[in-house]
Every structure is written in C-alpha cells, then in structure tokens.
Amino acid sequence: MTPDDTRNLFEQLLSKYFQGHPRLLDPAQRTAYHEILEPYRPADVKAAVLRCLREKRYFPDPQEIASRCPAPAAGAFPGWPAYGYRDEADYERQMQSILEEAEKL
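Residues numbered from 1 in each chain as written. Predicted model: local features only at pLDDT ≥ 70, side-chain atom pairs only at ≥ 80, totals over all residues. Heavy atoms only, no water.

1. Quick word on the layout of surface pockets
Alright, step 1. Here the second largest pocket is characterised by a volume of approximately 190 Å³.
Alright, step 2. Among the elements of the structure, α1 (3-17) and α4 (42-55) are those that each provide at least two residues to the lining of the second largest pocket.
Alright, step 3. Broken down by element, the residue count for the lining of the second largest pocket peaks at 6 residues, all from α1.
Alright, step 4. For the lining of the second largest pocket, the class distribution of residues is 5 nonpolar, 2 polar and 3 charged. (1 Å grid on protein atoms, 1.4 Å probe; cavity = no way out; pocket = protein on both sides within 12 Å on 5 of 7 lines; lining within 4 Å. Points joined across faces, edges and corners; volume = space filled by probe spheres on them. Helix = DSSP H or I, 4+ residues; strand = E, 2+ residues; numbered from the N terminus. Nonpolar A, V, L, I, M, F, W, Y, C, P; charged D, E, K, R; others polar.)

2. What about the confidence of the model for the protein chain?
Alright, step 1. For the protein chain, the average pLDDT comes to 80, and 86% of its residues sit at 70 or higher.
Alright, step 2. Element-level mean pLDDT values for the protein chain span from 75 in helix α2 (residues 22-25) up to 91 in helix α5 (residues 62-67). (pLDDT = per-residue confidence, 0-100.)

3. A few points about the packing of aromatic side chains
Alright, step 1. Enumeration over the complete set of coordinates arrives at 1 aromatic pair.
Alright, step 2. Aromatic side chains Tyr 33 and Phe 59 sit 6.1 Å apart centroid to centroid with 90° between the ring planes, which places their arrangement in the edge-to-face category. Pair noted here: Tyr 33 is in helix α3 (residues 27-37) and Phe 59 is in the loop between α4 and α5, with a separation of 26 residues, a long-range link. Residue Tyr 33 shares its accessibility class with Phe 59, and that shared class is buried. (Phe/Tyr/Trp six-rings, centres within 6.5 Å; stacked < 30°, edge-to-face > 60°. Buried < 20%, exposed > 50% of the residue type's maximum accessible area, 1.4 Å probe, protein only.)

4. Some remarks on the environment of Leu 50
Alright, step 1. By the element assignment, Leu 50 lies in helix α4.
Alright, step 2. Linking Leu 50 and Leu 13, residues 37 residues apart in sequence, is a C-alpha distance of 8.9 Å.

5. Here we look at the side chain of Glu 64
Alright, step 1. Inspection of the secondary structure puts Glu 64 in helix α5.
Alright, step 2. Judged by its relative accessible area of 13%, Glu 64 falls in the buried class.
Alright, step 3. One polar contact links Glu 64 to Tyr 58, side chain to side chain, over a distance of 3.3 Å.
Alright, step 4. The residues touching Glu 64, leaving out its near neighbours within four places in the chain, are Cys 52, Lys 56 and Tyr 58. (Polar contact = N/O pair within 3.5 Å; in protein donor to acceptor, adjacent residues only side chain to side chain. Contact = heavy atoms within 4.5 Å.)

Rendered as structure tokens:
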C-alpha cells in the first residue's frame, strides 16, 4: 500500500463507520497504519477491514487488519509496485538500463 492507499482507507472506508473518530484525524495514527499495512495489496487490506468490521464494532487496529491479509509475496518490496518495480531483480534491471542510458549522454 502507498501512503495514498492508506489515506483512501481512512477517508473512504473507515470514515463511513467511525465518523469523527480520533484515529481518523490523527496524522501519526495514519502513519502507523501505513507502516504496518504497507506490504499488503490495497484490495487485500480493504477486504480485511471489512472482515474486521463484520466481526467487531470497534475501530480495527493495524495489527488486526494485517493478521487478516494474505501474506505478502516472498521478495516483495513494500510500496515498490507503486514505483513500477515487481521485485529486487526488476529494480536492478531498470536501474541498470537508466545508468547505461545516462552514460551515453
């Protein structure tokens, strides 16, 4: 998840169920949620949040949400898909290509 995905989680989903909740308004809380949920796909996080809301009436903790998400793929870099990289090898290939183009200049 990217920071924008976390913002959308707070603004579009959690605010429907917990209007005015202090966690929705606290930037430090949003950062904490992002740090814990970053390795997961936004669709998986949304599904996990909805499962939490169906089971309990309180604002879900990020650890509780993460425990309901599928494990991130091995070798996945948190947030990297947002930057266009699939994994470390893909990042290295793209960086090498950029360096080779820069050397030609």
